[in-house]
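Topology and contacts: notes
Chain by chain, the residues run as shown.
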Amino acid sequence: MTREPVNDRLIVLCERLAASTRAGAAEWDDEGNDTYLWRHAEGAVRVGARDGDGEPPYELTISNDREVRVEELESALLDDDVPAPWNEPLADLYRAARRSALKADELIDALIAALPRETGSGLGSKASLTAE
């Protein structure tokens, strides 16, 4: 059995973990300094903005169950300043992890619930607000 190159497998990990996060099946913790952690029995994944500013470059670190780093991936530019194929999946995972760790969806739902269902002001046109 031939394994895919490491970066290809890390792209798959980023894509699946981002999808699982958006579906609510993976929850992240905020470690501070714009870094987020997902733990599993076999190990952990950390993703964050390398400069701590919420912007690329992003980095991913995989650790085993003893917290030893076993793999890393960073946003990169390849020859002729072409973005690496893992940049977008890594950025997507970062965004999903951040939303999960900061409980963004729960906050938005709470803010919507705090507002009246209908307003007389219109918000542009005869719009009404509804909270689901």
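Heads up: these notes are all about the structure in this document. (Residues numbered from 1 in each chain as written. Predicted model: local features only at pLDDT ≥ 70, side-chain atom pairs only at ≥ 80, totals over all residues. Heavy atoms only, no water.)

Some words on the pairing of strand β3 (residues 43-49)
Quick note on the threshold: Three exposure classes are used, based on accessible area relative to the maximum for each residue type with a 1.4 Å probe and protein chains only: buried under 20%, partly exposed in between, and exposed over 50%. Helix numbers and strand numbers start at the N terminus; a helix is a DSSP run of H or I with at least 4 residues, a strand a run of E with at least 2. Pairing between two strands is assigned when DSSP locates at least 2 bridges connecting them.
Buried residues dominate β3, accounting for 6 of its 7 residues. As paired strands, strand β2 (residues 35-40) and β3 are joined by 6 bridges and run antiparallel to one another. Within β3, the residue paired with Trp38 across the bridge is Val45. In textbook terms, the turn of a hairpin is the stretch between consecutive antiparallel strands, and for β2 and β3 this stretch comprises 2 residues. Relative to strand β4 (residues 58-64), β3 runs antiparallel, the two sharing 7 bridges.

Remarks on the sheet that holds β2
Test applied: Angles here are taken between N-to-C directions and fall from 0 to 180 degrees, while the axes themselves are lines fitted to C-alpha atoms, restricted in helices to the stretch in contact. Here a residue-residue contact requires only that any non-hydrogen atoms of the pair lie within 4.5 Å.
If you trace the 5 strands from one edge of the open sheet to the other, you get β1-β2-β3-β4-β5, paired in antiparallel fashion. Looking at strand neighbours, the two that pair on one side only are β1 (29-32) and β5 (69-74), the edges of this open sheet. Taken over all neighbouring pairs, the strand axes of this sheet differ in orientation by 20° on average, direction set aside. Relative to β5, β4 runs antiparallel, the two sharing 5 bridges. From the neighbouring strand, Ser63 faces β5, where its bridge partner is Arg69. Where helix α1 (residues 6-22) meets the sheet, it contacts β2, β3, β4 and β5, and its direction lies at approximately 85° from that of β5.

Considerations on the side chain of Asp34
Basically, it comes down to this: This count recognises Lys and Arg as positive and Asp and Glu as negative, with His and chain-terminal groups excluded. The term salt bridge refers to a pairing of a side-chain nitrogen on Lys or Arg with a carboxyl oxygen on Asp or Glu at a separation within 4 Å. We call two N or O atoms a polar contact when they sit within 3.5 Å, provided that within protein one can donate a hydrogen and the other can accept it, with sequence-adjacent residues counted only if both atoms are side-chain atoms.
Here Asp34 shows up in the loop between β1 and β2. Of the side chains with opposite charge, Arg98 comes closest to the buried, unpaired Asp34, at an N-O distance of 4.2 Å. One polar contact links the side chain of Asp34 to the main-chain amide nitrogen of Gly54, over a distance of 2.6 Å. Apart from residues lying up to four places away in sequence, Asp34 is in contact with Val47, Gly48, Ala49, Gly52, Asp53, Gly54, Tyr94 and Arg98.

Side note on the pattern of salt bridges
A complete count under the given rule lists 7 salt bridges for this structure. The salt bridge partner of Arg22 is Asp92, with a shortest N-O separation of 3.1 Å. In this pair, Arg22 sits in helix α1 while Asp92 sits in helix α2 (residues 87-101), placing the two residues 70 residues apart along the sequence. A residue is classified by how much of its surface remains accessible, and Asp92, at 26% relative accessible area, is partly exposed.

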